[in-house]
Amino acid sequence: MPLGRTQTQIIDKLEEMGKLSAEAKGVLLARPDEPTGDQLDSILQADHHITMFQLLLAKCRALGLAPFNVARYKVHTNTFEKIDLEFCQKNMILPVGQVGDFLLVAFANPFDTTVATKIQDKTGQRVVRLLGREADIRDKLKKDQVHDEVQFSDVVDKLGTQFADDETEIKDEDLENEDSAPIIQLANRIIEDAYFAGTSDIHVEPWEKEVVVRYRIDGLTQEKLRLPAKVAGALVARLKIMCNLDIAERRLPQDGRIVFKQYNKKNIDVDLRVSTAPLNYGEGVVMRILDKQKSTLPLSALGFTEANLAKYRECIRQPYGMILHCGPTGSGKSMTLYAALAEINTPDVNIQTAEDPIEYTLPGLNQMQMNKQIGLDFQRALRCYLRMDPDIILVGEIRDKETAQIACEAALTGHLLVSTLHTNDAPSTVSRMGEMGIEPFNISAALVCVCAQRLLRRVCKNCKVKYTPEGREADIIMKALDLKEVPEIFKAAPGGCHICGGNGYKGRVGIHELMVNCEEIVEAINKEVEVADLKRVCMKNGMKTMHQDSMLKVKFGLTTMEDALSNVPADMIAVGGGGEAAEPKAKKHGH
Ligand SMILES: [Zn+2]
C-alpha cells in the first residue's frame, strides 16, 4: 500500500466532503510512489484543486481534532509565557489560548503524541490539541512577531503629566483626533490587557477620589488600576465615542458596542458589549468582551460526569425536539451549547443560529446577529429560519411568549431546537415555558432535555488541603451522595501558592443537572404537577440534581464544600427511592 493509513483516511474524508470524486480517489490510492505528507498536500492542491482550508478540515476529521486558523491569531507578549519560543519552534506548535484549566495548543504535526505530554509536564496544565497549518505556525514563530507593547505605567505616567495641572480641561479633540493622545492609548491598553488576561468583563467604576478599573476573570473581579478621578470623565467619554454613544448624555444608561478591530493596529478582533450607568460619583461602564476567535472546548472537557456526558450526547443526536440550557449569566451555558454544536456540526446538517450577541464563531454554521434597532429579534429570525428549513436551530435565548411559541413549533415540526433560559434549575424551566403560554402537552412532546448548570471554582491542585468534614458538612455530602462513610475532601489553602496566584483556586469546573425527558416526566408535565413534584419524578428517573453533582465534584477533589454550597444550596427534597420520591407513582396508580 503506497499511501499511509492516515493519508488514506484524509483522502476518504475529502471524498465524504464531496471534494474528491471516487475516480480521483482511486487514482491517488493507486499511486506507485510513497509521497510524504507535504508531497501529498501539494498533489491534492495542485492536481485536485483542494484548498488549504478543505485540506485542514479533512485532516481534522481524519484525526478527530478541531481546526484552528493560526493565520488569524496574533502573537503577543504573553504567548510564550507558559511554553517558551524555543520549544515551540522545535516542535512546530503554537500556544493559542487558555480556557479554564486547559491550554489550547495548535499543532502542525499531530502525530508526535509525546509533545502534548511534555507540555503537560512543563506547565502542569492539560492540553487541548488543535490542528493548524504548518506554514502559518512557522510564520508566527518568527522572532519579530512579538512586539513590545506600550506598558500601563508608561500611559499612566503620560496621563499624570497631562493631568498634573489642575487647570487642564480635557478637550474633545484629545478624545478623538490624535492617535497618540494618552487617554486613547489608555482605553486601548485597558481593553488589550484585559483581553490577554482572559477577562470576561471590564468594569470602570468612578469612586469619590479615584476611578477604579476591575477585570472579571474566572468569575471573580480583581482590581487592575486606580486612576485620578478626573481621568474618569475622559476615559468614559473615549469609550462612549468608540461605540458611537451620545457623550453629552450622562444622566441615562446607554448600551453600545465597540468593534475593537477599528481601533488597534495589533489586529485584535474582539467586540465589546458596552453598558453605561449614571452612578453617584459619575458614569460607570461595564464592557463584556466578546472574543470572536474564542475556541470552544470539546464537550468532554466541560466537567460533565461520565453518565451525564453519555446521556447528553444521546440527546444532541436526536433528529428533532427541544434542548434547553438554563442558568444565570456566566454559568457557562453558551460554552456547553457551542461545544455540543461543534460535535454535531457535520457537512450533511444545516445549522442556523440567531444570537445576541454572537459569542463564538464556528466554521460551517450560519450565524445571525440580532439587531433590535431595526426590529431583527429572535422571533423574526426564527420565522425566517422556519422557511429555510434547517436541521438544527439555535436561538440565543427564549424570554418572551412569541419566541417560546415559535421555538416550540420548530421543535415539533422536525427541527432540533437549542436555546437557553434564565431559570435556576431544570424542572422549573418547564413551568417557565408554561408561564410563557406554552401548553403543557406541547412542552412535554417537544422536550428532549433540559440542562441546568453553574461554574464552580476549581481548587488549586498544587496547594489544596485534605481534610475530613464534620457536622453539617459531613451530613450534607453523605446525604447528597447516599454515602455510608464520611469521605476525605479538600479545601482551598489560605493564601494559595505561586501557581494559583495566591487565590487557592484556579480555573473552573461545570456542574450539571440533566433532565432527560421520559414517559413518566411527560405524564408529570401534562398533569401540571408542582415544580417540587416534577423534581422528584426526575430524580426517580435518574436525574442528579445540581447539588448532588456539586457534591460529587467535591468528593473528586475538583472543588470545595465552601464554593459548592455558596453556588448551589443543598436540596430540600429527600434523595433516593425512599418514601417521598415514590409519591407521584402512587398517585398514578390511584387514577
Ligand atoms: Zn495554589
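Here the structure is a predicted model, which means the values were calculated and not measured. (Residues numbered from 1 in each chain as written. Predicted model: local features only at pLDDT ≥ 70, side-chain atom pairs only at ≥ 80, totals over all residues. Heavy atoms only, no water.)

Q: With reference to specific residues and values, describe the sheet that holds strand 1 (residues 66-67).
A: Reading across the sheet, the four strands line up as 1-4-3-2 and stay open at both edges, with mixed pairing between neighbours. Pairing within the sheet leaves two strands with one partner each, and these edge strands are strand 1 and strand 2 (93-99). Sheet topology places strand 2 next to strand 3 (residues 102-107); six bridges connect them, and they run antiparallel. Bridging across to strand 3, Gln98 finds its partner in Leu103. (Pairing = 2+ DSSP bridges. Helix = DSSP H or I, 4+ residues; strand = E, 2+ residues; numbered from the N terminus.)

Q: Let's hear about the coordination of the zinc ion: which residues, and what values?
A: The zinc ion binds to the protein through Cys460 (SG), Cys463 (SG), Cys497 (SG) and Cys500 (SG), with metal-donor distances spanning 2.3 Å. Classification of the site at the zinc ion rests on its four donor atoms, whose angles at the metal span 106 to 112°, yielding the label tetrahedral. Of note, the donors binding the zinc ion are all from one chain and are spaced C-x2-C-x33-C-x2-C. Taken as a pair, Cys463 in the loop between strand 16 (447-459) and strand 17 (465-467) and Cys500 in the loop between strand 18 (489-491) and strand 19 (505-516) lie far apart in primary sequence, 37 residues in all. (Donors = N, O, S within 2.8 Å, 3.2 Å for Na, K, Ca; no water. Tetrahedral: all angles 85-135°; square planar, octahedral: opposite > 155°, others 65-115°.)

Q: How would you summarise the side chain of Thr560 if you had to cite specific residues and measurements?
A: On the secondary structure map, Thr560 appears in the loop between helix 21 (546-555) and helix 22 (561-567). Overall, Thr560 belongs to the buried group, its relative accessible area being 2%. Of the polar contacts made by the side chain of Thr560, one reaches the side chain of Tyr505; its length is 2.7 Å. If we ignore the near neighbours within four places in the chain, the residues touching Thr560 are Val459, Phe490, Lys491, Ala492, Tyr505 and Val554. (Buried < 20%, exposed > 50% of the residue type's maximum accessible area, 1.4 Å probe, protein only. Polar contact = N/O pair within 3.5 Å; in protein donor to acceptor, adjacent residues only side chain to side chain. Contact = heavy atoms within 4.5 Å.)

Q: Please give an account of unusual backbone geometry that cites residues and values.
A: A cis amide bond links Asp356 with the next residue in sequence, Pro357, at an omega value of 0°. Here Pro357 shows up in the loop between strand 12 (351-355) and strand 13 (366-369). We note that Asp389 has phi near 50°; this positive angle belongs to a residue other than glycine. Secondary-structure assignment places Asp389 in the loop between helix 14 (378-388) and strand 14 (392-395). The backbone phi angle of Asp482 is positive, close to 55°, even though this residue is not glycine.

Q: Before we move on, could you go through the pattern of salt bridges and cite the residues and values that matter?
A: Applying the stated criterion across every chain yields a total of 27 salt bridges. In this structure, Asp84 engages Lys122 in a salt bridge whose closest nitrogen and oxygen atoms are separated by 3.4 Å. Taken together, the residues span a long stretch of sequence, with Asp84 in the loop between strand 1 and helix 5 (85-91) and Lys122 in helix 6 (residues 114-123) at a distance of 38 residues. Take Asp84: its relative accessible area is 34%, and that puts it in the partly exposed class. Its salt-bridge partner being Glu523, residue Lys527 comes within 3.7 Å of it at the nearest N-O pair. Under the relative-accessibility criterion, Glu523 is labelled partly exposed at 29%. One salt-bridge network, held together by shared partners, links Asp12, Glu15 and Lys25. (Salt bridge = Lys/Arg side-chain N within 4 Å of Asp/Glu carboxyl O.)

Q: Before we move on, can you summarise the nonpolar core with the specific residues and values?
A: Ranked by internal contacts, the top residues of the largest apolar core, which has 58 residues, are Ile93, Ile119, Leu297, Tyr312 and Ile323. With seven residues, helix 13 (residues 333-344) is the single largest residue contributor to this core. In this structure, Ile323 is in contact with Tyr312, Cys315, Ile316, Leu416, Leu417, Val418, Ser419, Val448 and Cys449, ignoring residues within four places of it in sequence. Of all hydrophobic cores here, the second largest spans 54 residues; its members include Cys408, Ala411, Leu421 and Ile525. (Core = buried A, V, L, I, M, F, W, Y, C linked by side-chain atoms within 4.5 Å.)

Q: Please provide a residue-by-residue account of the sheet that holds strand 6 (residues 210-217), values included.
A: Sheet strands pair by backbone hydrogen bonding; their relative direction is either parallel or antiparallel. Spatially, 7-6-5-10-9-8 is the arrangement adopted by the six strands of the open sheet, whose pairing is antiparallel. Both edges of this open sheet fall to strand 7 (220-228) and strand 8 (254-259), since each of them pairs with a single strand only. On average, each strand axis in the sheet is inclined to that of its neighbour by 20°, with strand direction left out of account. Alignment of strand 5 (residues 201-206) against strand 10 (residues 282-291), held across four bridges, turns out to be antiparallel. (Axes fitted to C-alpha atoms, helices over the stretch in contact; angles between N-to-C directions.)

Q: An account of the pairing of strand 9 (residues 270-279) is requested, with residue identities and associated values reported.
A: Where strand 8 lies against strand 9, six bridges are found, and the strand directions are antiparallel. If you follow Arg257 over to strand 9, its bridge partner there is Arg273. Hairpin connection of strand 9 to strand 10: two residues between the antiparallel strands.

Q: Outline the packing of aromatic side chains, supporting the account with residue identities and numerical values.
A: Within the structure shown, the criterion is met by two aromatic pairs. For the ring pair Tyr195 and Phe196, a centre distance of 5.1 Å and an interplane angle of 50° mean the geometry is tilted. When the centroid spacing of 5.3 Å and the interplanar angle of 20° are considered together, the rings of Phe304 and Tyr312 count as stacked. A relative accessible area of 0% places Tyr312 in the buried class. (Phe/Tyr/Trp six-rings, centres within 6.5 Å; stacked < 30°, edge-to-face > 60°.)

Q: Give a description of the side chain of Thr559 that names residues and reports values.
A: Mapped onto the elements of the fold, Thr559 is located in the loop between helix 21 and helix 22. Among the polar contacts listed, one links the side chain of Thr559 to the backbone oxygen of Arg457, at a separation of 2.7 Å.

Q: An account of the confidence of the model for the chain is needed here, citing residue identities and associated values.
A: Close inspection of predicted coordinates is inappropriate for parts of the model with low pLDDT. When the pLDDT values of the chain are averaged, the result is 85; 90% of them are 70 or greater. Confidence drops under pLDDT 50 across residues 577-591; counting only partners more than four residues distant or on other chains, this segment forms twelve contacts. (pLDDT = per-residue confidence, 0-100.)

Q: So what's going on with the environment of Ala106? Residues and values would help.
A: With respect to the helices, strands and loops of the structure, Ala106 is situated in strand 3. Taking relative accessible area as the criterion, Ala106 reaches 0% and is therefore assigned buried. Along the chain, Ala106 and Arg129 lie 23 residues apart, while their C-alpha atoms are 6.1 Å from each other.

Q: Explain the packing of helix 1 (residues 5-16) against helix 2 (residues 22-29) to me, using residue names and the numbers behind them.
A: The angle between the axes and the distance between the axes are what describe a pair of packed helices. Where helix 1 meets helix 2, the axes come as close as 10 Å, and the angle between the chain directions of the two elements is 170°. Classified by the angle between their axes, helix 1 and helix 2 sit roughly antiparallel to one another. Here helix 1 contributes Thr8, Ile11, Asp12 and Glu15 to the contact with helix 2, which in turn contributes Ala22, Lys25, Leu28 and Leu29. Per-class residue counts for the contact of helix 1 with helix 2 are four nonpolar, one polar and three charged. (Parallel < 35°, antiparallel > 145°, perpendicular 65-115°, else oblique. Nonpolar A, V, L, I, M, F, W, Y, C, P; charged D, E, K, R; others polar.)

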